[in-house]
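Chain residues, written in single-letter form:
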Amino acid sequence: MIGLGIETSCDETSLAIVKDGKELLSLKIFSQIDLHKPFRGIVPEIASRAHLEKINPLLSEVLEESKLRLGDLDYVAVTRSPGLTGSLMIGAQLARSIHAVYGTPIVPLCHLQAHFAVLHLEGVEPIFPVLGLLLSGGNSAIYKIPHFGKMEVVGDTMDDALGEAFDKVAGLLSLPYPGGPPIEKEASKYVPDPKEKDLLPPLLRNLEQDRVAFSFSGLKTAVSHLIAKQPDLSTQAVCYHFQKTAFELVERNLKRAVSITGIKRIMAGGGVLANSTLRNRLSKFADKNSLEFLSPQKKIYCTDNGAMVAALGYYLFKQGYSKSLDFTVSPVRQETYI
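Let me begin by describing the structure that accompanies this report.

Procedures and definitions
- Residues numbered from 1 in each chain as written.
- Predicted model: local features only at pLDDT ≥ 70, side-chain atom pairs only at ≥ 80, totals over all residues.
- Heavy atoms only, no water.
- Helix = DSSP H or I, 4+ residues; strand = E, 2+ residues; numbered from the N terminus.
- Contact = heavy atoms within 4.5 Å.
- Pairing = 2+ DSSP bridges.
- Axes fitted to C-alpha atoms, helices over the stretch in contact; angles between N-to-C directions.
- Expected span 1.5 Å × (residues − 1).
- Bend = angle between axes of the 7 residues up to and from the residue.
- Buried < 20%, exposed > 50% of the residue type's maximum accessible area, 1.4 Å probe, protein only.
- Core = buried A, V, L, I, M, F, W, Y, C linked by side-chain atoms within 4.5 Å.
- 1 Å grid on protein atoms, 1.4 Å probe; cavity = no way out; pocket = protein on both sides within 12 Å on 5 of 7 lines; lining within 4 Å.
- Points joined across faces, edges and corners; volume = space filled by probe spheres on them.
- Nonpolar A, V, L, I, M, F, W, Y, C, P; charged D, E, K, R; others polar.
- Phe/Tyr/Trp six-rings, centres within 6.5 Å; stacked < 30°, edge-to-face > 60°.
- Lys NZ or Arg CZ within 6 Å of the ring centre and 35° of its normal.

**A look at the side chain of Ser87**
Okay, step 1: Mapping Ser87 onto the fold places it in helix α3 (residues 85-102).
Okay, step 2: Sequence-distant contacts of Ser87, that is, excluding residues within four places in its chain, are made with Thr8, Ser9, Cys10, Ala47, Ser48 and His51.

Structure (structure tokens):
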């Protein structure tokens, strides 16, 4: 079964062709980072225009690389939520156009779920239930996933997502945008004294023990106060302690989610998972707590991409889920299809 995946939710234009939900035939991504870098954030109008300019050339590239024609497709999977409405519309119109000409069934889906399906392109078996840990620029959440097509929120973003916090802290330190890679690089240079106290306060200390919630706005503010009070503190030290405190919150929430649900199989996804320090910490955390932790080995699979959309589309389509032209896009996530 051959499927095309279309992803245009935010600042990556990506198309991919996948066979049987697990074999990648072609993947193309145009990253808009350089377009948004002067503004240190995503500008919706710029994003939608870039998608419009790049989506047809990328379609030609994936078809040429896979040696396929549009008529060979069994389904077209496309991100319908969440994301920037103008950007989502670009991908949706391409899917509708293919359907109008070839009658190809459309599988409109939530790309947050797709972050977990991409693991099957690396040989991970679809065994459920699982906990889905999503850490990205706009989302930090943990979901209970009984099967593809349904997600139940265990813990969600209260204010800033982790990726957004990285970007804001990078701005405070005059580091490049996006903030994830430069902060990790600076943090890796710092060698803490074993007797050194944490420079940033623990997060959400007073929350109920069974509550799962992500909040990074306070940490960003704490970093700002730390820089003001200790101007001679090195950038490396600030980055190290920021990462340490942020990742401790992730581990704490994950431990609570496992305790609440009893699920010990964890799939992780999202752009922040490209951070090697975080991946290593979570792997050690899983070993210590007898958990199965799965995250994409290829960093390109951590970002928003068409391959993950095509992979999830395969499982949804097999279960009988598809649309023709009568679907809409939405900035709000869709948690249940089937």
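**Digging into the sheet that holds strand β2 (residues 12-19)**
Okay, step 1: Across the sheet, 5 strands lie side by side as β3-β2-β1-β4-β5; this open sheet has mixed pairing. Since the sheet does not close on itself, it has two edges, and those belong to β3 (23-31) and β5 (106-110), each with one partner. Going across the sheet, the axis of each strand differs from the next one's by a mean of 20°, ignoring polarity.
Okay, step 2: Bridge analysis of strand β1 (residues 2-7) against β2 gives 6 bridges, and the strand direction is antiparallel. The partner of Gly3 across the bridge, within β2, is Val18.
Okay, step 3: Running over the sheet, helix α2 (residues 44-66) touches β1, β2 and β3 and is turned about 25° from β2.
Okay, step 4: Contacting β1, β2, β4 (75-81) and β5, α3 runs over the sheet at an angle of about 155° to β4.

**A few points about α2**
Okay, step 1: The terminal C-alpha atoms of α2 lie 31 Å apart, and with 23 residues this matches the ideal 33 Å at 1.5 Å per residue to within 8%.
Okay, step 2: Of all the bends in α2, the greatest reaches close to 35° and is centred on Lys54; the proline Pro57 follows between one and four positions later.
Okay, step 3: Burial in α2 covers these residues: Ala47, Ser48, Ala50, His51, Ile55, Leu58, Leu59, Val62, Leu63 and Ser66.
Okay, step 4: Lining the buried residues of α2 we find β1, β2, β3, α1 (33-36) and α3.
Okay, step 5: Directly after α2, the chain includes Lys67, whose backbone phi takes a positive value near 60°.

**Points about the nonpolar core**
Okay, step 1: The biggest cluster of nonpolar side chains holds 43 residues, and the ones touching the most others in it are Leu133, Leu135, Leu162, Phe216 and Phe242.
Okay, step 2: Sorting the residues of this core by element identifies β6 (130-135), α5 (162-172), α6 (180-188), α7 (217-229), α8 (235-261), β10 (265-269) and α9 (276-288) as the ones contributing at least two each.
Okay, step 3: Among the elements that line this core, the one with the most residues is α8, at 10 residues.
Okay, step 4: If sequence neighbours within four positions are ignored, Phe242 has contacts with Ala165, Phe166, Val169, Ile183, Leu200, Leu219 and Val223.
Okay, step 5: Counting 37 residues, the second-largest nonpolar core is a separate cluster that includes Ala114, Val309, Tyr314 and Tyr315.

**With respect to the layout of surface pockets**
Okay, step 1: Quantified by volume, the largest pocket comes out at close to 1200 Å³.
Okay, step 2: Along the wall of the largest pocket there are 42 residues; nearest its centre are Cys10, Asp11, Ser136, Gly137 and Gly138.
Okay, step 3: Elements supplying a minimum of two residues to the lining of the largest pocket: β3, α4 (111-117), α5 and α6.
Okay, step 4: Among the elements that make up the lining of the largest pocket, the one with the highest residue count is α5 (5 residues).
Okay, step 5: Looking at the lining of the largest pocket residue by residue, the class counts come to 17 nonpolar, 16 polar and 9 charged.

**Structural notes on the pairing of strand β7 (residues 140-147)**
Okay, step 1: Here β6 pairs with β7 via 6 bridges, running antiparallel. Within the sheet, the bridge partner assigned to Leu135 lies in β7 and is Ser140.
Okay, step 2: Between β6 and β7, which pair antiparallel in sequence order, lie 4 residues.
Okay, step 3: Pairing analysis gives 4 bridges linking β7 to strand β8 (residues 150-157), with the strands arranged antiparallel. Bridge pairing in β8 places Tyr143 opposite Val153.
Okay, step 4: Hairpin connection between β7 and β8: a loop of 2 residues separates the two successive antiparallel strands, and Gly149 in this loop has a positive phi of roughly 115°.

**Topic: the packing of aromatic side chains**
Okay, step 1: As enumerated under the stated definition, the model contains 8 aromatic pairs in all.
Okay, step 2: Ring geometry for Tyr75 and Phe317: centres 5.5 Å apart, planes at 35°, overall tilted. Taken as a pair, Tyr75 in strand β4 and Phe317 in helix α10 (residues 306-318) lie far apart in primary sequence, 242 residues in all.
Okay, step 3: By relative accessible area, which is 0% here, Tyr75 ends up buried.
Okay, step 4: Centroid distance Tyr314 to Tyr315: 5.1 Å. Interplanar angle 80°. Geometry classified as edge-to-face.
Okay, step 5: Overall, Tyr315 belongs to the buried group, its relative accessible area being 15%.
Okay, step 6: Three or more aromatic residues link up through ring pairs in this structure, and these residues are Phe128, Phe148, Tyr314 and Tyr315.
Okay, step 7: Lying over the aromatic face of Phe30, Lys54 brings its terminal NZ or CZ to 4.7 Å of the ring centre.
Okay, step 8: Lying over the aromatic face of Phe327, Arg96 brings its terminal NZ or CZ to 4.3 Å of the ring centre.

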